[in-house]
Structures are given as structure tokens and as C-alpha cells.
Amino acid sequence: MEGLIVSLVFRCGVIDGQPTTGEETMALRWITREEVSELADEAYAIRVLDALDAASPPAICAHDGTKLV
């Protein structure tokens, strides 16, 4: 993959209501930390895992579109 990609992951919490799908979301579900690595490519899973780690500062990772480099 050529070019630059900026991808942001935010850690959020539920305040009220039920999660729903919409124009930008075809499906959603709650998953465990372990399922993140099973369901997502390495380059995307690391973003979610970093966001879940409240003790760490914001992370910057380089990848080739799928794998970390």
C-alpha cells in the first residue's frame, strides 16, 4: 500500500442508550481484548489495544497497511 494513512482510535465509555448501526456502521458488537487480535489485522488491532491501555501515552505506529513495520 502506498501513501500515508492517518488512523485514530479513541477510548470512549457508554453514558446511556443502546448502540445502533447507521450509514457508516453495518454491524457492531462488544468484544474482549483477546478477540481484538483474533478479528483485526495486526496494524489495526494494535491501535485498539493501545487505546485500551489507559496507562500508556498516545502511541504512534508504522505499518504497511496490514502488518507493523
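Residues numbered from 1 in each chain as written. Predicted model: local features only at pLDDT ≥ 70, side-chain atom pairs only at ≥ 80, totals over all residues. Heavy atoms only, no water.

### Observations regarding the overall build of the protein
Alright, step 1. For the protein, the count of helices and strands is two helices and zero strands.
Alright, step 2. Out of the 69 residues in the protein, the part that is buried amounts to 12%.
Alright, step 3. Once local pairs closer than 6 in sequence are excluded, the contacts in the protein between residues at least 24 apart make up 36%.
Alright, step 4. Within the structure as shown, the protein displays about 6,200 Å² of accessible surface, and the carbon and sulfur contribution to it stands at 56%. (Helix = DSSP H or I, 4+ residues; strand = E, 2+ residues; numbered from the N terminus. Buried < 20%, exposed > 50% of the residue type's maximum accessible area, 1.4 Å probe, protein only. Contact = heavy atoms within 4.5 Å. Areas by Shrake-Rupley, 256 points an atom, 1.4 Å probe, with all protein chains shown as cover.)

### Topic: helix 2 (residues 42-52)
Alright, step 1. All of the buried residues along helix 2 are Ala43, Ala45, Arg47, Leu49 and Ala51.
Alright, step 2. Lining the buried residues of helix 2 we find helix 1 (33-39).

### Details of the environment of arginine 29
Alright, step 1. Considering the arrangement of structural elements, one finds arginine 29 in the segment before helix 1.
Alright, step 2. Sequence-wise, arginine 29 and proline 19 are 10 residues apart; in three dimensions their C-alpha atoms are separated by 8.4 Å.

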